[in-house]
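# Geometric and topological summary
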Amino acid sequence: DNLHSPAMQLSTHTSIKASPERIWKVITNIDDCKNAIRGIVSVEILERPASGLVGLKWKETRVMFGSEAEEIMWITDAVKNEFYETRAENCGTVYKSRFSIRRDPKDDTCCDLEMSFSGETNSFFAKMMSSLMSCLVVGSMKKMIQQDLEDIKAKVESSS
């Protein structure tokens, strides 16, 4: 079904001189992510699971394209010290992102932190708009995600 094809897919990564556990502690501290990622203005926790991360839901306000934007996101899957996935829905599009941590096989004092992102349209109008906008937005989104990763790297490496 062509109606549900991904509108946008991208991923980027950075190398961090830290253990998976230290990186995990920073990337899963959603309450404090506004102090780790400069683009995030505020975070409001909406639902907190009894245990673990899956089900954690929050409203994130961040600066995007020069103005503030709000998004409600929730964690859909997670394996401690390895990855977590989030989902958000807005204007006929489902957005999914994933943070993955992999130890560097050549240097066990470093890890690779990857963030992947995709947007899948659910309506004809959203599909049409995303086709028009995706080429304009992908570069800016990748730059923003790379900056988030660099901010996380700085926070992790300074908290050693």
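Residues numbered from 1 in each chain as written. Predicted model: local features only at pLDDT ≥ 70, side-chain atom pairs only at ≥ 80, totals over all residues. Heavy atoms only, no water.

### Looking at the pairing of strand 3 (residues 57–64)
Alignment of strand 2 (residues 40–47) against strand 3, held across six bridges, turns out to be antiparallel. Across the sheet, the residue bridging to V43 is E60, located in strand 3. Where strand 3 lies against strand 4 (residues 67–79), eight bridges are found, and the strand directions are antiparallel. Its bridge partner being in strand 4, W58 is matched across the sheet by M73. (Pairing = 2+ DSSP bridges. Helix = DSSP H or I, 4+ residues; strand = E, 2+ residues; numbered from the N terminus.)

### A short note on the pattern of salt bridges
Enumeration over the complete set of coordinates arrives at 10 salt bridges. Notably, a salt bridge pairs R87 with E89, separated by 2.9 Å at the nearest N-O pair. By relative accessible area, which is 46% here, E89 ends up partly exposed. One salt bridge connects R102 with E114, and the closest N-O pair in it is separated by 3.5 Å. Within this pair, whereas R102 is found in strand 6 (residues 93–103), its partner E114 is found in strand 7 (residues 111–121), the two being separated by 12 residues in sequence. Beyond isolated ion pairs, a larger network of salt bridges with shared partners links E60, R62 and D148. (Salt bridge = Lys/Arg side-chain N within 4 Å of Asp/Glu carboxyl O. Buried < 20%, exposed > 50% of the residue type's maximum accessible area, 1.4 Å probe, protein only.)

### Digging into the confidence of the model for the protein chain
Across the protein chain, the average pLDDT comes to 86, with 84% of residues at or above 70. Scored below 50 in pLDDT, residues 1–5 shows 12 contacts in the model against residues more than four places distant or in partner chains. (pLDDT = per-residue confidence, 0-100. Contact = heavy atoms within 4.5 Å.)

### Focus on the packing of aromatic side chains
Applying the stated criterion across every chain, the model contains three aromatic pairs. Judged by centre distance (5.4 Å) and plane angle (45°), the ring pair of Y84 and F99 falls under tilted. Taken together, the positions of Y84 in strand 5 (residues 83–90) and F99 in strand 6 put the pair 15 residues apart, joining distant regions of the chain. Comparing Y84 with F99, the two get one shared label, buried. Clustering of aromatic rings is evident, with ring pairs tying together W24, Y84 and F99. Positioned over the ring face of W74 is K57, at 5.2 Å from the centre of the ring. The ring of F83 carries R98 above its face, with NZ or CZ at 3.8 Å from the centroid. (Phe/Tyr/Trp six-rings, centres within 6.5 Å; stacked < 30°, edge-to-face > 60°. Lys NZ or Arg CZ within 6 Å of the ring centre and 35° of its normal.)

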